[in-house]
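Coordinate inspection notes
Now for the letters of each chain:
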Amino acid sequence: MASNLARRSDSAVVVAGQKHKKQLRDRGQGTKYLAFRLAENVYAAPVALIREILTLRPITPVPRAPSSIMGIISVRGQLVTVLDLRRRLRLSEGPVTSKARILLVDPMGVETLGLFVDEVLQVYRLADSDIEQTASALGGEVAGYIAGIARPAQAQNQADAKAQARNASGLRHDASVIILLDLKVVLAS
Amino acid sequence: MTSESERAREEFFSEAQEIVEGLGRDLLALDEAQKSGHVDPDLINDVFRAVHTLKGLAGLFGATRMSSLSHKLEELLDDLRLGKVDVTAPVLDLLFASVQLYGKLLQAEKESRDQPIPELDKLLAQLDRGAGAGAGGGGGGPIIDPNLLAVLTEFEEHKLKTNIAQGNTLYRLRVRFQLATIDQGLDELKATAKPHGDIITYLPASDTDDIDSITLEILMGSRAPSTTLRNALNHLGVEVEELPRQGGGPSHAAMPPPPPTSSTASASSASTFSHTNIPTPTPSPPPVAPSEPPSPMPPMGSAPLDMTAPHPFPAPHLDTSASIPPKAQELGTIKSVAQTVRVDIQKLDVLMNYVGELSIVRTELDRLLEKMRDAQANHEVKNNLRRLQRDFGHNVKRLRDGILEVRMVPLGQVFDKLARVARQISRQAGKQVNLVITGAETNVDKLIVEELSDPLMHMMRNAIDHGIEDRDAREAMGKPAIGTIALNAFQKGNHVVIEIEDDGKGIEMERLLEKAIRMGLVGPEDARTMSRREVLNLIFVPGLSTKTSVSEISGRGVGMDVVKTNISKLGGVIDVQSEISIGTKFTVTLPITLAILKALIVKVSDQQFAIPLANVQEAVWLDLSAVRVIDGRDAVTLRGNTLQLCYLARLFGLADTSEVSGTDGFGLDAPQLSQIAPGARSSLRGEPLRQQGYSPAFPYRPAQTSTVSNAMKNALAPRSKRKFVVVTAVGTRRLGLVVDSLVGQQDVVIKGFGPSLKNIAGFAGATQLADQRIALVLDAPALVEEMFAHSERARMTHGGTHGF
């Protein structure tokens, strides 16, 4: 799966255009982020933290568990707790579609958790300079979860046919603003 | 890199643990030998070597405290080996204390704790004193043929002296070995000679002239007459010559009296122990006669050996338990530090074999699948596939069993530690106890063994502290002065039974009941109808103890209730039987393995749950018209007893979908039901459930429905189906879990939840069912606890002291 992710990220860089790629090389490495949709917003988390992307499978609910825990799934014989990120972030919930995915993460190195997301979008490579540290300005409950805001719009506008097709399909997602999540804080709460 | 050193550390722990355990076993043997008056020098040598190895290991891993303890011990053991210090009870105490300290040091090392361990310094100081005092020990030089003495090592010299001191006859054996096979020949000779005596040394004979062979002269001490020895060794071509004694008397005249045969002698395979220096007012002869040398002891030399040297350990050592304050003597735990299982290579070979078989099956499957494309081959392919499927199934099963087997360890591991603990407790309590162990070879899952060690230790402590009477009391009753505790283990089907039985004073049921009534745990009316068993089971209720004063040994704030809880957690049950002045017997029944357990799969509003069969007593139809409300809780009467109900759908907040759920369970008749739930009472079999189930002792009264839940109301709707009650029992408490249907019985592999779900009560984990769906496994003991907690808390506030 890691290799899959790598491939995806390469293609992302390709669609970002030669110019951007050169820019990146000039600016140094940057960090890869996996963007995904939750409710109507685009969020992203460092690719390095994501071990695997699973297609949706039956989730066995666990009675008496907190509401943000959707239940458990079995991944190659291991039980994994699946968290509903939308509930954890107090976002509105919509219907589950076939695009929904479960991201396997283990940010603390103690337990592999599944994060339920509405759709996985793509991988972005973002340099620190692309990220605005606006979290403190946002206030409210979500502030702590947010590691920063990225606007890779210029790069995206070049030609992301896939993204445009998605936009056309009526699922509005505006990749001009990506909210970078601090998974450690999200999962610790 | 770190993981590698981690692994090395883990290796160190498991190896050190193994050595310490072996050491404990050797010490028990030594303890026994010391009492019987004949200490095998090889045994001391084994102990010495074990400590020596530990010293090396500890040094390698920078465990400085362990290595300094080992160093000091090594010095003492060396003195023991060379006969400079005698093996006496106080010396053994020091050694036992050391083994226990090793456990503590390992634990501290494992947790990387550096805090001081006060017992260590005390022990080191004692060891110092011991070694110093021992220096003057065997000072009186032995007068043996100087030529012989010159070639003997110090250890061999000591062995020689010991043999003389014990009045054994000395023999010179001559045997010729081919050089090519001398190793085997020697081994065979040693093995043959060992039961008859003690080989002191081997010396090449000076008259060896053949290049290919060598003649050895062997000096051996034996109690046996020369004819016996000759007969035994004859077939090896050994010449046996008895060395003459000075004074020319017959050899057996000098023999010491045979070791006293106490009652312990019958338990030959068991480890036994008793003590000589227990401060009892009655001047009773020590059960073990010291191996005093017989007075006329003319050995090979002219002057007698000085075997009556002053006792190397001066008086202050005689009472070790007093010199180390009781706090420091706390027993701690007997769980092992090592997380790893050391596995017999043969077991792994077997597993590897099955894996190989499985790979073959897989290759064959691939080939068949390829063939499937050819429609012509269909019939043959089908047959082959069926055969393969069968092979595959067999191998997977064997593989599963094999892996389970690898997790199994003999109970002897924990029994050995228990024997050490028992020795110590009995010493502290000033009681003489004889421990008889059977079934140490019974295998149990490693995890269970670890979890079991503390409850077993607690029961052992109780048996000695509360069960076995004082020597005086025992003698007054005509019982043997030395109490006996039997520790038995055996396998019974899929279960392992462990019994701890003492021949002590038994549990006074009247006092137990009286106290339970006083504490409000039992109503005076209930008390009259309680069966013997129910009364005895009261000792598992928190806060009850028959011992009026909390003793130093037992007063650790845990009681039999904790023991019971811990055993329940393992899916086991504990039972107690007791007769006044005859004894008490605790019986623990456990599943052999935790990894796979039989479970009853039930459905509650379309979700499947597994209930471990160990907790299931029976499953019956719920007769809704018999449901009453008592104290705000739904209950029914089942065969004359009130059974509290717990609606799982309500408890778990699941919608009641019984009306739309399938027909499962509805068409079950009684025989089928008892097949699904074999715990069901036999009375159910073949008889209509309607009559056997809940007898409507109390007619249903509509007025009480106000407190009945929605689930109940739904269930009461005319279209509703019958529900089932799964009766779970934990100790004396029973709870009826109301479920929508029974799916069947299945072997399940239980998996624990991750930390994110750790705090969710009522579930032991989850399991993947045959259809790949996940079923949550109910933690029946926890549910029972939970349902009863409220009412019991209320009752406990009337007065409950903790102790025992």
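Just so you know, these numbers come straight off a predicted model, no measurement behind them.

Between chain B and chain A, the contact holds 20 residues from the first and 17 residues from the second. Between chain B and chain A, the buried area comes to about 1500 Å², and carbon and sulfur atoms account for 65% of it. Across the contact surface, chain B and chain A share six residue pairs in polar contact (both at pLDDT 80 or more). Among the elements of the structure, strand E13 (607-612), strand E21 (763-768) and strand E22 (774-778) of chain B are those that each provide at least two residues to the side of chain B that touches chain A.

For the rest of this paragraph, the subject is unusual backbone geometry. Even without a glycine there, the phi angle at Arg 64 of chain A is positive, about 75 degrees. Relative to the helices and strands, Arg 64 of chain A is located in the loop between strand E3 (50-55) and strand E4 (69-75). The phi torsion at Asp 606 of chain B lies on the positive side, around 75 degrees, for a residue other than glycine. Asp 606 of chain B gets classed as partly exposed once you look at its relative accessible area, which sits at 44%.

On to the sheet that holds strand E6 (residues 101-105) of chain A, then. All names here are of chain A. Judged by pairing direction, the sheet is mixed, and its five strands sit side by side in the order E3-E6-E7-E5-E4 without closing on themselves. Sheet topology places E3 and E4 at the edges, where each strand pairs with a single neighbour. On average, adjacent strands in this sheet sit at an angle of 30 degrees to one another, irrespective of strand direction. Here five bridges tie E3 to E6, and the two strands are oriented antiparallel to one another.

To continue, consider the packing of aromatic side chains. Residues and elements named next belong to chain B. Taken as a whole, this structure holds six aromatic pairs over all chains when the rule is applied. Centre to centre, the rings of Phe 12 and Phe 13 are 5.2 Å apart; their planes meet at 45 degrees, and the pair counts as tilted. There is no split in this pair, since Phe 12 and Phe 13 are both buried. Residues Phe 540 and Phe 586 carry aromatic rings whose centres are separated by 6.3 Å and whose planes lie at 70 degrees to one another, so their mutual orientation is edge-to-face. Placement of Phe 540 in the loop between helix H18 (532-536) and helix H19 (560-569) and of Phe 586 in strand E11 (residues 583-591) is noted, with a sequence separation of 46 residues between them. An aromatic cluster is built from Phe 609, Phe 652 and Phe 763, whose rings are joined through pairwise contacts. The ring of Phe 48 has Arg 81 lying over it, and the distance from NZ or CZ to the ring centre is 4.1 Å. Above the face of the Phe 540 ring, Lys 564 is positioned so that its terminal group lies 4.5 Å from the ring centre.

Looking now at the confidence of the model for chain B. Residue and element names in this part refer to chain B. Across chain B, pLDDT averages 72, with 73% of residues at or above 70. In the predicted structure, residues 131-143 sits below a pLDDT of 50 and forms 21 contacts with residues beyond four places in sequence or in another chain. Ignoring residues within four places in sequence, the model shows residues 797-804, a span with pLDDT below 50, making 18 contacts including any to other chains. In the model output, the complex is listed with pTM 0.50 alongside ipTM 0.74.

A few words now on the nonpolar core. Among the nonpolar cores identified, the biggest contains 102 residues, and Leu 30, Leu 69, Leu 95, Phe 415, Met 459 and Ile 498 of chain B are the most heavily contacted of them. For this core, the leading source of residues is helix H4 (residues 89-110) of chain B, giving 11 residues. The two domains that each donate at least three residues to this core are domain 1 (1-132) and domain 4 (423-547 + 558-591) of chain B. Discounting residues that sit within four places of it in the chain, Leu 30 of chain B has contacts with Val 39, Leu 43, Ile 44, Val 47, Val 87, Leu 92 and Leu 95 of chain B. Grouped together as the second largest cluster of nonpolar side chains are 64 residues, Leu 187 of chain A together with Phe 609, Phe 652 and Leu 654 of chain B included.

Our focus in this paragraph is the environment of Leu 622 of chain B. All names here are of chain B. Of note, Leu 622 is situated in the loop between strand E14 (616-621) and strand E15 (628-630). By relative accessible area, Leu 622 is classed as buried at 1%. It is 9.4 Å that separates the C-alpha atoms of Leu 622 and Val 739, two residues lying 117 residues apart in sequence.

What follows is about H19 of chain B. Helical geometry note: an α-helix holds 3.6 residues per turn, so side chains three or four residues apart project in the same direction. Residues and elements named next belong to chain B. Those residues of H19 that fall on the buried side of the exposure criterion are Met 560, Asp 561, Val 563, Lys 564, Ile 567 and Ser 568. Buried residues of H19, viewed axially, fall in a sector of 160 degrees; they line one side. Phi turns positive one or two residues past the end of H19, at Gly 571, with a value near 80 degrees.

Here we have six strands laid out as an open sheet, ordered E8-E1-E2-E11-E10-E9 (chain A), and mixed in their pairing. The open sheet terminates on both sides in strands that have one partner only, identified here as strand E8 (119-126) and strand E9 (131-132) of chain A.

With that out of the way, let us pick up the UniProt feature "modified residue: Phosphohistidine" (unreviewed entry) in chain B. Residues annotated in UniProt with the feature "modified residue: Phosphohistidine" (unreviewed entry) correspond here to His 52 of chain B. Looking at His 52 of chain B, the relative accessible area reads 43%, which means it is partly exposed.

Next up on the list: the side chain of Thr 60 of chain A. With respect to the helices and strands, the residue Thr 60 of chain A is situated in the loop between E3 and E4. Apart from residues no more than four positions distant in its own chain, Thr 60 of chain A is found in contact with Met 70, Gly 71 and Ile 72 of chain A together with Gln 607 and Ile 774 of chain B.

On to the packing of helix H3 (residues 64-81) of chain B against H4 of chain B. Residue and element names in this part refer to chain B. The contact between H3 and H4 brings their axes to 11 Å, and the two run at 160 degrees. Here H3 is positioned roughly antiparallel relative to H4, judged by the angle of their axes. Considering only the axes of H3 and H4, their crossing is left-handed. Between H3, through Arg 65, Met 66, Leu 69, Ser 70, Leu 73, Leu 76, Leu 77 and Leu 80, and H4, the contact on the second element is made entirely by Val 91, Leu 95, Ser 98, Leu 101, Tyr 102, Leu 105, Leu 106 and Ala 108. Counted by class, the contact of H3 with H4 contains 13 nonpolar, two polar and one charged residues.

Basis of the calculations
Residues numbered from 1 in each chain as written. Chains lettered and ligands numbered in written order. Predicted model: local features only at pLDDT ≥ 70, side-chain atom pairs only at ≥ 80, totals over all residues. Heavy atoms only, no water. Contact = heavy atoms within 4.5 Å. Buried area = accessible area lost by both parts, 1.4 Å probe. Polar contact = N/O pair within 3.5 Å; in protein donor to acceptor, adjacent residues only side chain to side chain. Helix = DSSP H or I, 4+ residues; strand = E, 2+ residues; numbered from the N terminus. Buried < 20%, exposed > 50% of the residue type's maximum accessible area, 1.4 Å probe, protein only. Pairing = 2+ DSSP bridges. Axes fitted to C-alpha atoms, helices over the stretch in contact; angles between N-to-C directions. Phe/Tyr/Trp six-rings, centres within 6.5 Å; stacked < 30°, edge-to-face > 60°. Lys NZ or Arg CZ within 6 Å of the ring centre and 35° of its normal. pLDDT = per-residue confidence, 0-100. Core = buried A, V, L, I, M, F, W, Y, C linked by side-chain atoms within 4.5 Å. Domains from an automatic or database assignment. Arc of directions from axis to C-beta. UniProt positions renumbered as here; feature names shortened; annotations may be inferred. Parallel < 35°, antiparallel > 145°, perpendicular 65-115°, else oblique. Left-handed = near helix turned anticlockwise from the far one by under 90°. Nonpolar A, V, L, I, M, F, W, Y, C, P; charged D, E, K, R; others polar.

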